[in-house]
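Single-letter residue listing:
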Amino acid sequence: MKLSYSQKRRWSGYVFLLPWLVGAAFFLVYPFVFSIALSVSDLENNNFTKMFFVGLANYKKAFVTDVEFVPKFLTVVTDTLINTPMIVIFAFLTAIMVSRDIKGKGIFRALFFLPVLLGTGFVMQQLQGQSIQSGSLEVARGILLPEKLQAYLGYEITGYITAFFNRITIVMWGSGVQIVIMLAGIQSIAPALYEVARVDGATEWEMFWKITLPMSAPILLLCIVYTIAASFTGSSQVVDYIISLAFGTAVPQFAYSAAMGWIYFLFVLAVILLVFLMMRRPVNRVAQR
Amino acid sequence: MKGFLLQGKNLSRLRGRLKSALLVRIAVYLLLVDLAFVFAYPFLYMMVTSLKSPQDVRDITVNWLPSGLHWNNYRLSFSLLGYPSALARTVLVVGGCTLGHLFSCSFVGYGFARFSFRGKSLFFLLLLLSIIVPVQTIIVPEYIFFSGAGFLGTYLPMMVPSWLGFGLSGGLFIFIFRLFYISLPRSLEEAAGIDGCGAVSTFFRIALPASRSSVMVCLVLSLVWHWNDYFEPLIYITQQKKYLLPMLLPGLYRIMGGMQDASLSGGDALGDIYTEAVAMAATFLVVLPLLIAYLFLQKKFVQGVERSGITGE
């Protein structure tokens, strides 16, 4: 049988997607369908062959009966809502600074990636654990706020300030990947745009608002989505809770755990869709250029 | 018009501009050095703590300068981790996963970028979904699947998904490769096609070698994320003798902390040797291979990011 050129191209597409399609069947579609089914059922003795349909009972349990889920969920949501804009803005500004032609920028760029090497690992969790235990990170204490000043300001205000610096430090450690991605985005903006603006007498300040910021819209979108996804999917109170109910107890609650996982996922999906909608216009403007 | 720029008002304006540029530059440097300290802090903290003697650990006045370099911590943690064999296991598994990611994600990314076929937009939607779905949502069915397949207790639950474009952030890497191949000019590949080169061999001979920059980005990220991951392996592997390096750390911290506290309350003499510092030394040993790899890859990685086309140009 002889295939025409376009037919050949079509079949080649499937050839290239084949490994992924196999993977998608086993690691995406199957788990999705299974966990939806699981989340609306009840298991008898955790035997997966004996599933009973119970409707939305598990979902209701998460919101109505379970006293732990909602507070944990809200903590993660507020943390993400506060941290995401901070990470994105901080990474953007840092990327602009190291994208300038300064001495030692290579060293700075390498340094900013260091926490990523430890980022998902255990040391960072230990360090972040410090802040939960003692109320502040050592790096945020003392160095940024001298003891004399602390004594002068009084306990309450110092508490707020250290909490603020705490968050900033955690934000900084969480922004290594974003800095690298933003750097790539900023450096790909055509230099001609800046030259034209300079000839027309624009200041650095104006060029930032009129060129750098709008031209970075696509990369900002990528970073925001990545940050939200990373913050929700990384280790958090909710995630640890879900896992502990499924794997950490003598009597695993698989069905309930799946239901909470779905509540969590639907929320993440909603937030990300919202971001896409909000960023649609500025991103399209760059794409149409 | 001669000397127009350097006269009177213009001259002073120019001077003012130069001065403010200098001030901005100094401010930027100060800020960068300050930031660099915060970013380097975890590493500095880890290295200093790992060299503290047990007395130093208990002495809260010893902050940045230990009384001496207490290398014994490293000797202890080396044997506690079973370093040589654990390292070999970790290198094999992480290497296998990373290689799988590079192969499968570039291959699939090329398919998404270059061909049009029925169902492509649906598949692309699924790809986006695979990026944002938390592992935790689907871990239970995965576990049941792998236990049914008899993969529990082996490294296959980490390996198999990464060779099929899934696993840790597989979707993100496909996305990065796809953006790169979209921005790559088609002319070379078309020339190869006219010369009778099939699509698959065109990919391996022309497109893949051209995408070195994206390969670097995905190589570093995949390597780092796989090396540090201990969440999934801990679920699938239960035998301690099969543990990978990072999986050993949580237990070590618990035990070391316990011994340290026990000796503080005057109970256990073991706490005179085993302290938090030993756990820190172990942590350093765990990330050391990663550090060395990063030192080698760093320059190419940063260059790669700049040229990878993640920017969608």
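Residues numbered from 1 in each chain as written. Chains lettered and ligands numbered in written order. Predicted model: local features only at pLDDT ≥ 70, side-chain atom pairs only at ≥ 80, totals over all residues. Heavy atoms only, no water.

## Digging into the packing of aromatic side chains
In step 1: Applying the stated criterion to the full structure yields 47 aromatic pairs over all chains.
In step 2: Seen from their ring centres, Y14 of chain A and F117 of chain B are 5.0 Å apart, and the 50° between their planes marks the pair as tilted. Remark: F117 of chain B occurs in the loop between α4 (83–114) and α5 (120–132) and Y14 of chain A occurs in helix α1 (residues 5–39); the pair is interchain, linking two chains.
In step 3: With relative accessibility at 22%, the residue Y14 of chain A sits in the partly exposed group.
In step 4: Taking the ring centre of Y256 of chain A as reference, the NZ or CZ of K61 of chain A above it sits at 4.1 Å. (Phe/Tyr/Trp six-rings, centres within 6.5 Å; stacked < 30°, edge-to-face > 60°. Helix = DSSP H or I, 4+ residues; strand = E, 2+ residues; numbered from the N terminus. Buried < 20%, exposed > 50% of the residue type's maximum accessible area, 1.4 Å probe, protein only. Lys NZ or Arg CZ within 6 Å of the ring centre and 35° of its normal.)

## With respect to the pattern of salt bridges
In step 1: Applying the stated criterion across every chain yields a total of 2 salt bridges over all chains.
In step 2: Its salt-bridge partner being E68 of chain A, residue K72 of chain A comes within 3.7 Å of it at the nearest N-O pair.
In step 3: Of the charged contacts, one joins R114 of chain B and E189 of chain B as a salt bridge, the two residues approaching to 2.8 Å between their closest N and O atoms. Within this pair, whereas R114 of chain B is found in helix α4, its partner E189 of chain B is found in helix α9 (residues 187–194), the two being separated by 75 residues in sequence. (Salt bridge = Lys/Arg side-chain N within 4 Å of Asp/Glu carboxyl O.)

## Looking at the interface of chain A and chain B
Frequently, the measure chosen for interface size is the accessible area that the parts lose on association.
In step 1: With 86 residues of chain A at the contact, the number on the chain B side is 84 residues.
In step 2: Regarding the contact of chain A and chain B, the summed buried area is about 8000 Å², with carbon and sulfur atoms giving 81% of it.
In step 3: Considering only the surface of chain A that becomes buried against chain B, F16, W20 and F27 of chain A emerge as the three largest contributors, covering 12% of it.
In step 4: Linking chain A with chain B are 0 salt bridges.
In step 5: Across the chain A-chain B interface, the total number found is 1 residue pair in polar contact (both at pLDDT 80 or more).
In step 6: Ranked by the residues each element gives to the side of chain A that touches chain B, the list is headed by α1 of chain A, at 23 residues.
In step 7: When its residues are assigned to classes, the side of chain A that touches chain B shows 60 nonpolar, 19 polar and 7 charged. (Contact = heavy atoms within 4.5 Å. Buried area = accessible area lost by both parts, 1.4 Å probe. Polar contact = N/O pair within 3.5 Å; in protein donor to acceptor, adjacent residues only side chain to side chain. Nonpolar A, V, L, I, M, F, W, Y, C, P; charged D, E, K, R; others polar.)

## Considering helix α10 (residues 199–210) of chain B
Residue and element names in this part refer to chain B.
In step 1: Its 12 residues give α10 an end-to-end C-alpha distance of 15 Å, which sits within 8% of 16 Å, the value for a rise of 1.5 Å per residue.
In step 2: Taken together, the buried positions of α10 are T202, F203 and A207. Burial along α10 is one-sided: seen end-on, the buried residues are contained in an arc of 100°. (Expected span 1.5 Å × (residues − 1). Arc of directions from axis to C-beta.)

## Regarding the nonpolar core
In step 1: In this structure, W20, F69 and M182 of chain A together with L81, Y181 and W225 of chain B are the most contacted members of the largest nonpolar core, which totals 179 residues.
In step 2: By residue number, the principal contributor to this core is helix α13 (residues 254–287) of chain A, which donates 16 residues. (Core = buried A, V, L, I, M, F, W, Y, C linked by side-chain atoms within 4.5 Å.)

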